[in-house]
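# Structure assessment
Residues per chain, in single letters:
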Amino acid sequence: MDPHVLPILKCPRCGAAGSFESARGLACRRCDLVVESARGFHDLLDVATRGEPAAISAEQRLMESPVVARIYERMWRPTFVRLVAGRGAGAGVGGFAGELFIHKNALSLDDRAGPWLDLSCGPGLFTRAIAAAAPGALVVGLDIARAMLEVASGRVKGYTNVVLVRGDAHQLPFVDGAFEGINNAGAIHAYDDAEQVFREIWRTLKPGGIYVGSTFAEAPHFTGRMAARIAGIRRYDPNELRAQLSRLGFAEYEELRLGGAFVFRARKP
Ligand SMILES: C[S@@+](CC[C@H](N)C(=O)[O-])C[C@H]1O[C@@H](n2cnc3c(N)ncnc32)[C@H](O)[C@@H]1O
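Parameters and conventions
- Residues numbered from 1 in each chain as written.
- Predicted model: local features only at pLDDT ≥ 70, side-chain atom pairs only at ≥ 80, totals over all residues.
- Pairing = 2+ DSSP bridges.
- Helix = DSSP H or I, 4+ residues; strand = E, 2+ residues; numbered from the N terminus.
- Buried ≥ 20, exposed ≤ 12 C-beta atoms within 10 Å, placed from the backbone.
- Right-handed = clockwise from strand over helix to strand, strands pointing away.
- Near = placed C-beta within 6 Å.
- Nonpolar A, V, L, I, M, F, W, Y, C, P; charged D, E, K, R; others polar.
- Contact = placed C-beta atoms within 7 Å.
- Core = buried A, V, L, I, M, F, W, Y, C linked by C-beta atoms within 7 Å.
- Axes fitted to C-alpha atoms, helices over the stretch in contact; angles between N-to-C directions.
- Parallel < 35°, antiparallel > 145°, perpendicular 65-115°, else oblique.
- Left-handed = near helix turned anticlockwise from the far one by under 90°.

## A few points about the sheet that holds strand E4 (residues 116-119)
A sheet is described by the order of its strands in space; here eight strands give the open sequence E3-E6-E5-E4-E7-E8-E10-E9, paired in mixed fashion. In this open sheet, the two edge strands, each paired with only one partner strand, are strand E3 (42-43) and strand E9 (251-258). Bridge analysis of E9 against strand E10 (residues 261-267) gives six bridges, and the strand direction is antiparallel. Paired with Ala251 across the two strands is Arg267, which belongs to E10.

Here it is as structure tokens:
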């Protein structure tokens, strides 16, 4: 484990900042929490005291499936994005390569030293791209789904600057001002309370830190609207998102429309 992660962790049980030591596994010095780290990620959900999170949407139940997690990058994601957002969000920008290029540039990876958070990293597509583009910086991939993290852990082998964490975006297990930038691709439609997640993103960004995300806008066609309804996903009006982020204090909001989806970038002043 990259030891640079220790000072930015916040204990999910007692709330202490920077209290973890890794001498005999990851353990909090202030309380009795010993983190389970057996499957290639550190489980900071503290299910022993809070219980397992309930999957609230059909899409989220699928994210917990080992089969979906394995086929997610190559088959699930491109098909789902095409269905819900049309061609512009995938093939229209050159598929993953185009999307990764947009996110890496929006994060300004070259101008900043990190650390970086890939929030709701899934099987780690963006985590790996950021880690490869910023080899000297710590990159944390966080997701709530064990199945996704297990696949991610196999795929980040060899990336010594990546640490994978299981956690809830609504209550991030990181200290205030931990990150230079937070990447949050294709996930805000899945959150129970997106505004609470935005508050956590704000809290854990350094002043001047960058928030880059992507999500679905209005459905371009009937099939997309039906697919979104069946999967239980929410769509965003980019103007409302801009207003919401600005109310929370984010500045310099910009967006790029990609068919029925969009990528956005905002800065914590
Ligand atoms: C559609 S996937 C996107 C994965 C990846 N960012 C990508 O673009 O390929 C959405 C991810 O959000 C995660 N997620 C949903 N609710 C979450 C929560 N409350 N906290 C953290 N992650 C969550 C899911 O487990 C899933 O891996």
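## What to know about the pairing of strand E5 (residues 139-143)
Within a regular strand, side chains alternate between the sheet's two faces. With five of five residues buried, E5 is to be regarded as a mostly interior element. By the alternation rule, side chains of E5 split into Val139, Gly141 and Asp143 and Val140 and Leu142, which are all buried. Across four bridges, E4 lies against E5 in parallel orientation. Its bridge partner being in E5, Leu117 is matched across the sheet by Val140. For the segment spanning E4, helix H5 (residues 125-133) and E5, crossover handedness is right-handed. In terms of strand pairing, E5 meets strand E6 (residues 162-166) through five bridges, oriented parallel. Paired with Val139 across the strands is Val162, a residue of E6. This β-α-β element, E5 to helix H6 (residues 146-155) to E6, shows right-handed connectivity.

## Some thoughts on the site of the ligand
Near the ligand lie 20 residues; those nearest to it are Ser120, Gly122, Ala145, Ala169 and Ala185. Of all the elements in the fold, those that place two or more residues in the shell around the ligand are helix H2 (58-63) and H5. Split by residue class, the shell around the ligand holds twelve nonpolar, five polar and three charged.

## Some details on the environment of Val139
Along the chain, Val139 turns up in strand E5. Given 32 C-beta atoms within 10 Å, Val139 falls into the buried group. If we ignore the near neighbours within four places in the chain, the residues touching Val139 are Gly114, Trp116, Asp118, Thr127, Ile130, Ala131, Ala134, Asn161 and Val162.

## Details of the nonpolar core
Among the nonpolar cores identified, the biggest contains 81 residues, and Ile130, Val139, Val140, Met148, Leu164 and Tyr211 are the most heavily contacted of them. Take this core: its biggest share by element is six residues, from helix H3 (residues 66-85).

## Details of the pairing of strand E8 (residues 205-216)
Along E8, nine of the twelve residues are buried, which leaves the element largely enclosed by surrounding structure. Relative to E8, strand E7 (residues 179-184) runs parallel, the two sharing five bridges. Considered in E8, the bridge of Ile182 is made with Tyr211. Between the parallel pair E7 and E8, the chain is carried across by helix H7 (residues 194-204), and the sense of this crossover is right-handed. Alignment of E8 against E10, held across seven bridges, turns out to be antiparallel.

## Topic: the packing of H3 against H6
The geometry of a pair of packed helices is captured by two quantities: the angle between their axes and the separation between those axes. Contact pair H3 / H6: the axes reach a minimum separation of 8 Å and the direction vectors enclose 50°. It follows that H3 is oblique to H6 by the angle criterion. As H3 packs across H6, the resulting crossing turns out to be right-handed. Facing Pro66, Ala69 and Arg70 of H3, the residues of H6 in contact are Ala147, Met148, Glu150 and Val151. Looking at the contact of H3 with H6, its residues break down into five nonpolar, no polar and two charged.

## Brief notes about unusual backbone geometry
The omega torsion of the bond from Gly114 to Pro115 falls at 0°, within 30 degrees of zero and hence cis. Its identity is not glycine, yet Asp46 carries a phi of approximately 55°, on the positive side. Tracing the backbone through its elements, the reader meets Asp46 in the loop between E3 and helix H1 (47-50).

## A look at the environment of Leu33
By the element assignment, Leu33 lies in the loop between strand E2 (27-28) and E3. For the pair formed by Leu33 and Ala48, sequence separation is 15 residues and the distance between their alpha carbons is 9.4 Å. Setting aside residues up to four positions removed in sequence, Leu33 forms contacts with Cys11, Arg13, Ala27, Cys28 and Asp46.

## Let's talk about the packing of helix H4 (residues 95-107) against H5
Here H4 crosses H5 at 60°, and the two axes come no closer than 11 Å. What the angle tells us is that H4 and H5 run oblique. As for the relative orientation of H4 and H5, their crossing is right-handed in sense. Counted together, Phe96, Leu100, His103 and Lys104 of H4 and Leu125, Phe126, Ala129, Ile130 and Ala133 of H5 form the full contact between these two elements. Classifying every residue of the contact of H4 with H5 gives seven nonpolar, one polar and one charged.

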